[in-house]
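Results of the structural survey
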Amino acid sequence: MKYVIVLGDGMADEPIGELGGKTPLEYAKTPAMDRLAAMSEIGMVHTIPDGMQPGSDTANLSVLGYDPKIYYTGRSPLEALSIGVDMEPTDIALRCNIVTLTEDEDRYEDRTIIDHSSSEISTEDAAVLLAAVKEQLENDIYKFYVGTSYRHLTIWKNGNVVELSAPHDHLGQVIGQFLPENKVLYEMMKKSYDILVNHPINIDRKRRGLNPANSLWFWGAGTRPALKSFEEKTGKKGVMISAVDLLKGIAVGAQMENIIVEGANGGLHTNYYGKAMAAVKALLEDGKDFAYIHVEAPDEMGHQGNLQHKIEAIESIDAKVVKTVAEALDASGEAYRMLVLPDHPTPLRIRTHSADPVPYMLYDSTRPLHSDWLYNEKDGQASGNYVAAGHEMIEHLFR
Ligand SMILES: [Zn+2]
C-alpha cells in the first residue's frame, strides 16, 4: 500500500457572496477531486488544538501525526532545522528579524518600528548586513545564521525560553516597552542599530526609497523540537515535498527525506506537476511508502485577498497534483490511499489563518465507496464524519 497526503495550504474558506454563496473549494473546477470524492470518505478535521495559534507550523505537525500540544516548541527551532543548524538540547533558537526603526530620536528605546521586514529585503543584502553584525556580536554563546530575506536565526547556548515581542505586532509603535527584559539580548539589539544604521547597504537602500534594515529584533524563542522519527512512529518511509522552510524543518525533525523540486517556489506559479511526479517517483521507484505534497499557493492567495488566484491555485492542485498522482498510481497497479486536505483555513474575508475545522477527502483504491459527495466544506460538514484531534487523522490514512 502507498500513501499520499496532498496538502493545499490554507485552501479551506467561507461561503463568498461573489461566488453565489459557494466557497472557493466548492466553486473551483476540480474534476479530479470530484471523481475521487464520489468514491471517498469525506469529513471534517480539527487540526489546531484549542488554545493554540492557527499557524502552518502547528497545523502541519498535526496533519503529520505529531500532537502540537506535545511537540510544538516554537517556529524558530523548526526554521533552524530547515537551514541545517543542528541544535543541542540546551540551545535556544531565536528568530532574528532584520527590521526598520525610525532614526531621528536620540535614544534607541524611543525609536518606532516601522517595518518588520525591511521592505522584504533580499537575502543577498541581508547576508551582508548580518555578517557585519556577526563580526562584532557573535561569541561562544550567541551564533548568527543567515535564513531568507528578513528572517534569520540566532542560537543561544544554554539559553532560556524568554518572553519576547513579535515585531509585526507592534508596527508604528515606540519600541521601548517591547524590548527584551533579558539585558544581553537588549544590548545586542541596541548595538546592532549602531552597526547597521550607516552601513553602505542601508545608505544605498534609502537612496533607492527602500526601508533601511537598521536593527535586529529577537523573538520566538524555542528549544529543539524532539519529534519522534516518522518511520519509527508509523513504520512508513516518508518523503516531504515542499518549497517552504518550515515544512522542510518539520521533515528534518521527523527524519523524513526532503525532496527538492526545481521550480517549486511557494507561489501561484509553482511547479505543481513536478511536485506530483516527485511523489510518484519516490513511491514507485525509490521504495518509499508515504509522500507529503505541500502546496503553499492557496494560503498565499488568501493572505493577498485574491479570490481569482485562490481559485486558480485550487484548480492547479486538482489538475496537476491530484490528477497526476492518482493517474500514475492507478496505472502502476499499486494499491494506495490518498488524503487531500488543507492545514487550516485562510479565509479571504480575514486574509489570515483561522482555527476552524477543515474538510478532508480520504480515498482508498482498494475499497472505493459510492456516494454523491464532493470535496468541499459543505459536504465535509454534511457527511457527519469528524476527527476532533487532528494528529489522529494520519491513523485514518494508515489504518
Ligand atoms: Zn498553512
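No experiment lies behind these values; they were computed from the predicted model shown. (Residues numbered from 1 in each chain as written. Predicted model: local features only at pLDDT ≥ 70, side-chain atom pairs only at ≥ 80, totals over all residues. Heavy atoms only, no water.)

Attention now moves to helix H11 (residues 272-284). For H11, which comprises 13 residues, the first-to-last C-alpha distance of 18 Å matches the rise-based estimate of 18 Å (1.5 Å per residue) to within 8%. Of the residues making up H11, those classed as buried are Tyr272, Gly274, Lys275, Ala276, Ala278, Ala279, Val280, Ala282 and Leu283. As for H11, its buried residues are in contact with strand E1 (2-8), strand E8 (238-241), strand E10 (290-295), helix H12 (297-304) and helix H13 (307-332). (Helix = DSSP H or I, 4+ residues; strand = E, 2+ residues; numbered from the N terminus. Expected span 1.5 Å × (residues − 1). Buried < 20%, exposed > 50% of the residue type's maximum accessible area, 1.4 Å probe, protein only. Contact = heavy atoms within 4.5 Å.)

The subject of this paragraph is the sheet that holds E1. The mixed open sheet is built from 8 strands, whose spatial order is E9-E8-E10-E1-E11-E12-E2-E13. Lying at the two open borders of the sheet, with one neighbouring strand each, are strand E9 (257-258) and strand E13 (386-387). Looking at chain direction, strand E11 (residues 336-341) and strand E12 (residues 358-364) are connected through 4 bridges and run antiparallel. Bridging across to E12, Val340 finds its partner in Met361. (Pairing = 2+ DSSP bridges.)

Tracing the backbone through its elements, the reader meets Asp67 in the loop between helix H3 (56-63) and helix H4 (68-71). Given a relative accessible area of 9%, Asp67 falls into the buried group. Contact partners of Asp67, with chain neighbours within four places excluded, come to Pro49, Tyr72 and His391.

Once that is clear, we can look at the environment of Leu247. Note that Leu247 resides in helix H10 (residues 245-253). As a C-alpha pair, Leu247 and Met52 span 195 residues in sequence and 18 Å in three-dimensional space. Once residues within four sequence positions are removed from consideration, Leu247 is found in contact with Asn60, Met240, Ser242, Tyr292 and His294.

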